[in-house]
Amino acid sequence: DDLIKFCVSKGGLVGPKHMIGNMVDKLAEETTVEDYVDMIDYWVKLVGIDNVTIGTDFSGTVTGLAEADAQINMIRALAPNAYKGKRCKPKGFNRIDGLYNVTRGLVKRGYSDEDIEKIYSKNMIRVLKVIFNEK
C-alpha cells in the first residue's frame, strides 16, 4: 500500500498486471478475473479512480520465457511470497479479449462508464500528456 501511495504521490498510476498470485492469498494458477477486478477495486478505494489503470503486461516486455523466468526468480529471491505458483494469467483474463470480463466485473461492482474509461485509457492519456509536455 505504501508503494502504491508513493507512486501516486509522484504523479504516477498503478495498475495490476495479469500475474497477481502474489497479491492475493492464492497460487497464481488459482486466480481468476474476479481476483484481478478485486485488485482494481482495492486500489481505487486506496488511491482514487483517477490514479488506477489497467496493467495487463500482455505486450510481452521480455524477449522469451527464459528471461521471464529469470526475472521471476530474482524477484522471488528478494520477496519469497512473490509470484506464488506458476507464471500464468488469471482464469477469464488469459488473453486480451478477457478485458470484456474485466469490464463486466467492474460494471457488476457499480463502476460507471466514465470510471471504466478512466481505468482503461483516460488516466493513462492524462499522465502521458504530462510526460510528453502536451496539453
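Scroll up to find the structure.
Here goes a summary of the coordinates provided. Please read these numbers as outputs of a predicted model, since none were measured by experiment.

### What about the pattern of salt bridges?
- A complete count under the given rule lists six salt bridges for this structure.
- Across the pair lysine 45 and aspartate 41 runs a salt bridge whose closest N-O atoms are separated by 3.0 Å. Of the two residues, lysine 45 and aspartate 41 both sit in helix α2 (residues 33–47), four residues apart, roughly one turn of that helix.
- Between arginine 109 and aspartate 41 there is a salt bridge, and its shortest N-O distance comes to 3.7 Å. You can see arginine 109 sitting in the loop between α4 (99–108) and α5 (113–131) and its partner aspartate 41 sitting in helix α2, a full 68 residues away along the chain.
- Residue arginine 109 is classed as partly exposed on the basis of its relative accessible area, which comes to 30%.
- Here the residues in one salt-bridge network are Glu34, Asp38, Asp41, Lys45 and Arg109, joined through shared partners.

### A few points about the side chain of asparagine 123
- By the secondary structure assignment, asparagine 123 is in helix α5.
- A polar contact of 3.2 Å, which involves the side chain of asparagine 123, links it to the side chain of arginine 126.
- Contacts of asparagine 123, omitting those with residues within four sequence positions, involve Leu13, Ile49, Asp50, Asn51, Val52 and Lys118.

### Here's the deal with the packing of α4 against α5
- Between α4 and α5, the least distance of the axes is 10 Å, while the angle of their chain directions is 145 degrees. Note that α4 runs across α5; the crossing there is right-handed. Here α4 contributes Leu99, Val102, Thr103, Leu106 and Val107 to the contact with α5, which in turn contributes Ile116, Ile119 and Tyr120.
- Looking at side-chain class alone, the contact of α4 with α5 contains seven nonpolar, one polar and no charged residues.

### Points about the packing of helix α1 (residues 2–9) against α2
- Taken N-terminus to C-terminus, the directions of α1 and α2 make an angle of 60 degrees; their axes are 10 Å apart at the nearest point. The angle between α1 and α2 falls in the class oblique. Helix-helix and strand crossings are classified by hand; for α1 and α2 the assignment is right-handed. Each of Ile4, Lys5 and Val8 in α1 lies in contact with α2, whose residues at this interface are Trp43, Leu46 and Val47.
- In the contact of α1 with α2, the residues fall into five nonpolar, no polar and one charged.

### Focus: α2
- Compared with an ideal rise of 1.5 Å per residue, which puts 15 residues at 21 Å, α2 spans 21 Å between its outermost C-alpha atoms and is within 8% of the ideal.
- Along α2, the residues that are buried comprise Val33, Asp35, Tyr36, Val37, Met39, Ile40, Asp41, Trp43, Val44 and Val47.
- In this structure, the buried residues of α2 make contact with α1, α4 and α5.
- One or two positions beyond α2, positive phi appears at glycine 48, with a value near 100 degrees.

About the thresholds
- Residues numbered from 1 in each chain as written.
- Predicted model: local features only at pLDDT ≥ 70, side-chain atom pairs only at ≥ 80, totals over all residues.
- Heavy atoms only, no water.
- Salt bridge = Lys/Arg side-chain N within 4 Å of Asp/Glu carboxyl O.
- Helix = DSSP H or I, 4+ residues; strand = E, 2+ residues; numbered from the N terminus.
- Buried < 20%, exposed > 50% of the residue type's maximum accessible area, 1.4 Å probe, protein only.
- Polar contact = N/O pair within 3.5 Å; in protein donor to acceptor, adjacent residues only side chain to side chain.
- Contact = heavy atoms within 4.5 Å.
- Axes fitted to C-alpha atoms, helices over the stretch in contact; angles between N-to-C directions.
- Left-handed = near helix turned anticlockwise from the far one by under 90°.
- Nonpolar A, V, L, I, M, F, W, Y, C, P; charged D, E, K, R; others polar.
- Parallel < 35°, antiparallel > 145°, perpendicular 65-115°, else oblique.
- Expected span 1.5 Å × (residues − 1).

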